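Below, each chain spelled out in residue letters.
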Amino acid sequence: DTAVSQTPKYLVTQMGNDKSIKCEQNLGHDTMYWYKQDSKKFLKIMFSYNNKELIINETVPNRFSPKSPDKAHLNLHINSLELGDSAVYFCASSPRDRATEAFFGQGTRLTVV
Amino acid sequence: QKEVEQNSGPLSVPEGAIASLNCTYSDRGSQSFFWYRQYSGKSPELIMSIYSNGDKEDGRFTAQLNKASQYVSLLIRDSQPSDSATYLCAVIGAGSYQLTFGKGTKLSVIP
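Described below are features of the structure shown in this document. Owing to the predicted nature of the structure, the values given are computational and were not obtained by experimental measurement.

Turning to the interface of chain B and chain A, a few remarks are in order. Contact residues are listed per partner, giving 19 residues for chain B and 20 residues for chain A. Summing both sides of the interface, chain B and chain A together bury roughly 1,700 Å²; the carbon and sulfur share of this comes to 57%. It is Tyr97, Gln98 and Phe101 of chain B that lose the most area in chain B upon contact with chain A, and together they represent 36% of the buried surface on that side. Here chain B is connected to chain A by zero salt bridges.

Shown next as structure tokens:
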């Protein structure tokens, strides 16, 4: 069984469109994250949710909005996509909200054309 | 600004040799340290965690932590071609919830 799963795996879309990436974890973890990995492979946190509450909101454009319907799901919605949004987006989860490791989903490669 | 620094490489070692990967961090209060392995096109995978000064061994992997020097390393003994990947150092700072990643070191093990 997949522990952290994201859909879709690949997403190609035009500038200006709105898209969503879904994430689900079956590990029973309390905290979920969205990371962005750019073309230089630098992995940077975007958001973190603990028990459905936002606990980190790094300086990302407000075109990005996370939604957590329950603690097993954390979706990422992106409005008005721009070329610079092209990257790999990873969802992750961890069993506690501090001082612990994260388990990653397989990633969503977003390409904006 | 909390930073985690790694040499981007590539680091090339012959098969069977010891690969040594290094990482420094800026937040002196950091308490948790991790090494992730990422194969090309795949997601990061946790391979080691270390929380106290000294060495921690797991199979062919040894993590070393020196908080006074703000330095953490990963040794891979008997390197195999399957170890060829990018290795990401990650740190959780004092009072923080989040992992801060270095930019990764690309390791190539030459058969």
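Once that is clear, we can look at the pattern of salt bridges. Should the charged atoms of two oppositely charged side chains come close, the side chains can pair. According to the stated counting rule, one finds six salt bridges over all chains in the structure shown. The partner of Lys71 of chain A in a salt bridge is Asp30 of chain A, and the shortest N-O contact between them spans 3.0 Å. Pair noted here: Lys71 of chain A is in the loop between β7 (64-70) and β8 (73-78) and Asp30 of chain A is in the loop between β3 (19-25) and β4 (31-37), with a separation of 41 residues, a long-range link. Asp83 of chain B is the salt-bridge partner of Arg60 of chain B, the closest N and O atoms lying 2.8 Å from each other. A residue pair is termed long-range when its members are at least 10 positions apart, and Arg60 of chain B in the loop between β6 (54-58) and β7 (61-66) and Asp83 of chain B in the loop between β8 (71-76) and β9 (85-92) qualify at 23 residues. The class for Arg60 of chain B is partly exposed, based on a relative accessible area of 26%. Linked by salt bridges that have partners in common, Arg63, Glu82 and Asp85 of chain A make up one network.

Conventions used here
- Residues numbered from 1 in each chain as written.
- Chains lettered and ligands numbered in written order.
- Predicted model: local features only at pLDDT ≥ 70, side-chain atom pairs only at ≥ 80, totals over all residues.
- Heavy atoms only, no water.
- Contact = heavy atoms within 4.5 Å.
- Buried area = accessible area lost by both parts, 1.4 Å probe.
- Salt bridge = Lys/Arg side-chain N within 4 Å of Asp/Glu carboxyl O.
- Helix = DSSP H or I, 4+ residues; strand = E, 2+ residues; numbered from the N terminus.
- Buried < 20%, exposed > 50% of the residue type's maximum accessible area, 1.4 Å probe, protein only.

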